[in-house]
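Here's the letter readout for the chains.
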Amino acid sequence: MGSLTEAPRTNLPNSGHLAPPDFLSLKDVPDSYSWPQIDFNSSVGLNDPLVSVPVVDLTQPNVVKLVGRACQEWGAFQVINHGIPMGLIKDTESEARRLFSLPTEQKHKALRPPDGSTGYGLARITAYFDKKMWHEGFTMMGSPVEDASKLWPEKYKSFCDVMEEYQKEMKKLTGRLRRLILASLGLTTEEDLMLAGLGPSGEFTEGCITPLQLNSYPSCPNPNRAMGLAPHTDTSIFTILYQGDISGLQIFRDGVQWVTVPPVPGAFVVNAGDLLHILSNGRYTAAVHRVLVNQAYSRISIAYFYIPTPNTQIKPFSNLLEQGDFPRYRTVSCGEYISTKAKNQGKALSVISNMEQIENHENH
Ligand code: OGA
Ligand code: NI
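Residues numbered from 1 in each chain as written. Chains lettered and ligands numbered in written order. Predicted model: local features only at pLDDT ≥ 70, side-chain atom pairs only at ≥ 80, totals over all residues. Heavy atoms only, no water.

Here we take up the overall build of the chain. Helix and strand content of the chain: 9 helices and 15 strands. Considering only contacts within the chain whose residues lie at least 6 apart along the sequence, 76% involve residues at least 24 apart. (Helix = DSSP H or I, 4+ residues; strand = E, 2+ residues; numbered from the N terminus. Contact = heavy atoms within 4.5 Å.)

Here we come to the coordination of the nickel ion (ligand 2). Looking at the nickel ion (ligand 2), the protein donor atoms are His-232 (NE2), Asp-234 (OD) and His-289 (NE2), and they sit 2.1 to 2.2 Å from it. Each donor residue of the nickel ion (ligand 2) belongs to the same chain, and together they define the spacing H-x1-D-x54-H. Placement of His-232 in strand S7 (residues 229–232) and of His-289 in strand S12 (residues 289–291) is noted, with a sequence separation of 57 residues between them. Like His-232, the residue His-289 is buried in the burial classification. (Donors = N, O, S within 2.8 Å, 3.2 Å for Na, K, Ca; no water. Buried < 20%, exposed > 50% of the residue type's maximum accessible area, 1.4 Å probe, protein only.)

Turning our attention to the side chain of His-135. The residue His-135 is located in the loop between strand S3 (119–121) and strand S4 (136–140) in this model. Within the structure, the side chain of His-135 is placed 2.8 Å from the side chain of Asn-215, a separation counted as a polar contact. Once residues within four sequence positions are removed from consideration, His-135 is found in contact with Pro-20, Phe-23, Leu-122, Ala-123, Gln-213, Asn-215, Ser-216, Tyr-217, Gly-228 and Leu-229. (Polar contact = N/O pair within 3.5 Å; in protein donor to acceptor, adjacent residues only side chain to side chain.)

Here is a general trend for soluble globular proteins: nonpolar side chains tend to be buried in one another's company. Of all hydrophobic cores here, the largest spans 98 residues; its most connected members are Phe-77, Phe-138, Phe-159, Leu-177, Leu-214 and Phe-268. The element contributing the most residues to this core is helix H5 (residues 157–184), with 11 residues. Those residues in contact with Leu-214 that sit more than four places away from it in its chain are Ala-96, Leu-99, Phe-100, Glu-136, Gly-137, Phe-138, Met-140, Phe-159, Met-163, Ser-301 and Ile-302. (Core = buried A, V, L, I, M, F, W, Y, C linked by side-chain atoms within 4.5 Å.)

Any functional reading would require information beyond the geometric quantities listed.
In structure tokens form, the structure reads like this:
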């Protein structure tokens, strides 16, 4: 997702069209949704471990090392044996399908306002691009009851119960993954974590915001011209995604090729976001990813974003600098990072980079 507190849309050329269309009524891809020259080259075999996003079993003894390596090389991995009941995952997926299969006018009743953070609407990264995406989304933060009761004046309870339960499980998994990722960066003891400015379990002391985003990519009459989600990095520490069993998600590996993330039954895709890239002083990659659409199926995914509160200060962990590294990024608050990204068409890392100063420093 682009950002939570989005750019003031009113200044943007593509502002004003907040509502996704009735995709199923479109017999072709309209010009405003037609992307020129999508690069479909993903020449690699899906079963080659060297070119496949690593699958990490959370019960493996060397899990910290596996997570660290995956974050470094891919900025992403899939997790299995995570302990989240399959029944809950399936229920969440089917409630999401129930929502997106409502009539368009009904969904528009819960439209996310231009300055709002929850409800039904276009992809959040829409403002960064000239073309629109073959996508509709629904965002929640905690209980979705306010928006859900606009969609189903009576039958919203099962939706809310399932979404709240799913968020509870995501919160637990977030804690586990955070500990593993911090350990992989050398922050294992409470003392290490405290020195890094974190709480005793590695939590951000100012708290965090954790939007849950349901994504729908309707089947598309001409998938060669449409884009489900354009290439982006997430504005999060990390994101936990359930992608069901229909492929579409791809990661841009080493800046050269798109690699499909194959659906693994019951697995979650975890991808590092911009903020982890900064905290790790650039060691961990913020995975550039996109979503392609297809003609046969409509695809659903469920994304949970782990983001510290806007006033949290983000800077490279000092334990990583003791080994002779220079801080590659200056300190920014999360809120400042988000607004910088919005002002710079989805690119913010170069704005807060210290690399120019480092080069100057080295040249003198
Ligand atoms: C996102 C995202 C991937 C997917 O929501 O930011 O990248 O497969 N989703 O839906
Ligand atoms: Ni994303």
